[in-house]
Amino acid sequence: MRRYAILMVAAAVLLTGCFHKMHELLPSEWGDVPVGYVAASFQWDQADDASEAIHGITLSFSGSGASFSKNYNSVEEVSADLVQLPVGDYDILVTANMTEADGYVLTGLPATKADLGSIKVSLKNPSSSPAQAWYGVSHVTVTEDDICVDEITLLRLLSTLSVSIDNLPSGAAVVLTLSNVAKNVDLTAKDAGGKYGLPSTELVGDLNIPKGSLRLLPTASGKERCMLTLDITSPSGVNLSSLCDAPRMEVGKSYTLNLDYNKLQPYMYLTTYSISNWEVGWTVSGEVLNPNN
């Protein structure tokens, strides 16, 4: 977080044209209260997301002097805006691609609160597998006549589950059911590891999910495991049911499970192996399955 004297930034703005309407740096939107300015910029938590286009951006400010939210259509709009705030300390929440049109429901955005409080996100349809969304939380201290440039790290919200079944009989019907999924995520609360984004203890109920890849909310808090049930009916009418007892899914991480139809058991205990910092594989009884072998 860097601060610059307002005249220095104003001079740079005049040269670069980064901000519109320079006169807005001078009149106060808050009467006689001393004010400063916040310029928000974003960086990605995962380098793979750098090419993602984001929209529907909301910045929520809450602190000693004011509480409100501002909406933007693009990163360019955010970059072109200096947010004027009364001097004091503020928490900032940013959400991106997390609009109702994208399939999300946000509750608790600040209007006149003393702090961000509990801002929660859920899915309108928990099994709809919407496009990924991002969020970040930051803290700034606004000082009089200074511009604070706040770099906010964008974190993935949804977990991703990919399931493949090798040697599946042609024409077989597959129903996958997942349990212990959180009903919502509190974006302004920290989990046990100190990361913002705390899944609720409340569940959405069992989800019927498609074979392939699915984006969904993570496993509920208080649940050490999630349960994936496979019900497979062959074209000849033979039924096979298998319960996969899997590790919990965390906010923003990806999970891959490769299964072999010929090796399915009524109950299989899954453990994890690391693919990358944000991608995890599930394996049966400690053996990494490779259906291509």
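A quick note: this is a predicted structure, and the numbers were derived from the prediction, not measured.

### Considering the side chain of Thr 256
At step 1: Examined against the element boundaries, Thr 256 turns out to sit in strand β19 (residues 254-260).
At step 2: For Thr 256, a relative accessible area of 17% corresponds to the buried category.
At step 3: At 3.5 Å, the side chain of Thr 256 and the side chain of Glu 279 are in polar contact.
At step 4: For Thr 256, the contacting residues outside a window of four places in its chain are Ser 162, Ile 275, Glu 279, Val 280, Gly 281 and Trp 282.

### Thoughts on the sheet that holds strand β11 (residues 159-166)
At step 1: If you trace the nine strands from one edge of the open sheet to the other, you get β15-β12-β17-β18-β20-β21-β19-β11-β16, paired in mixed fashion. Each edge of the open sheet carries a strand with a single partner, namely β15 (207-209) and β16 (212-216). Looking at each pair of strands side by side, their axes are set apart by 25° on average, direction ignored.
At step 2: Both β11 and β19 contribute to a ladder of seven bridges, which runs parallel. Within β19, the position partnered with Asp 166 by the bridge is Asp 260.

### So, the packing of aromatic side chains
At step 1: Across all of its chains, the model carries four aromatic pairs by this definition.
At step 2: Ring plane angle 75° and centroid distance 5.3 Å describe the contact between Trp 44 and Trp 134, whose orientation is recorded as edge-to-face. One end of the pair, Trp 44, is in strand β2 (residues 35-44); the other, Trp 134, is in strand β9 (residues 134-142), and 90 residues separate them in sequence.
At step 3: Assessed through its relative accessible area of 25%, Trp 44 is described here as partly exposed.
At step 4: Residue Trp 134 is classed as buried on the basis of its relative accessible area of 2%.
At step 5: An aromatic cluster is built from Trp 30, Phe 61 and Phe 68, whose rings are joined through pairwise contacts.

Analysis parameters
Residues numbered from 1 in each chain as written. Predicted model: local features only at pLDDT ≥ 70, side-chain atom pairs only at ≥ 80, totals over all residues. Heavy atoms only, no water. Helix = DSSP H or I, 4+ residues; strand = E, 2+ residues; numbered from the N terminus. Buried < 20%, exposed > 50% of the residue type's maximum accessible area, 1.4 Å probe, protein only. Polar contact = N/O pair within 3.5 Å; in protein donor to acceptor, adjacent residues only side chain to side chain. Contact = heavy atoms within 4.5 Å. Pairing = 2+ DSSP bridges. Axes fitted to C-alpha atoms, helices over the stretch in contact; angles between N-to-C directions. Phe/Tyr/Trp six-rings, centres within 6.5 Å; stacked < 30°, edge-to-face > 60°.

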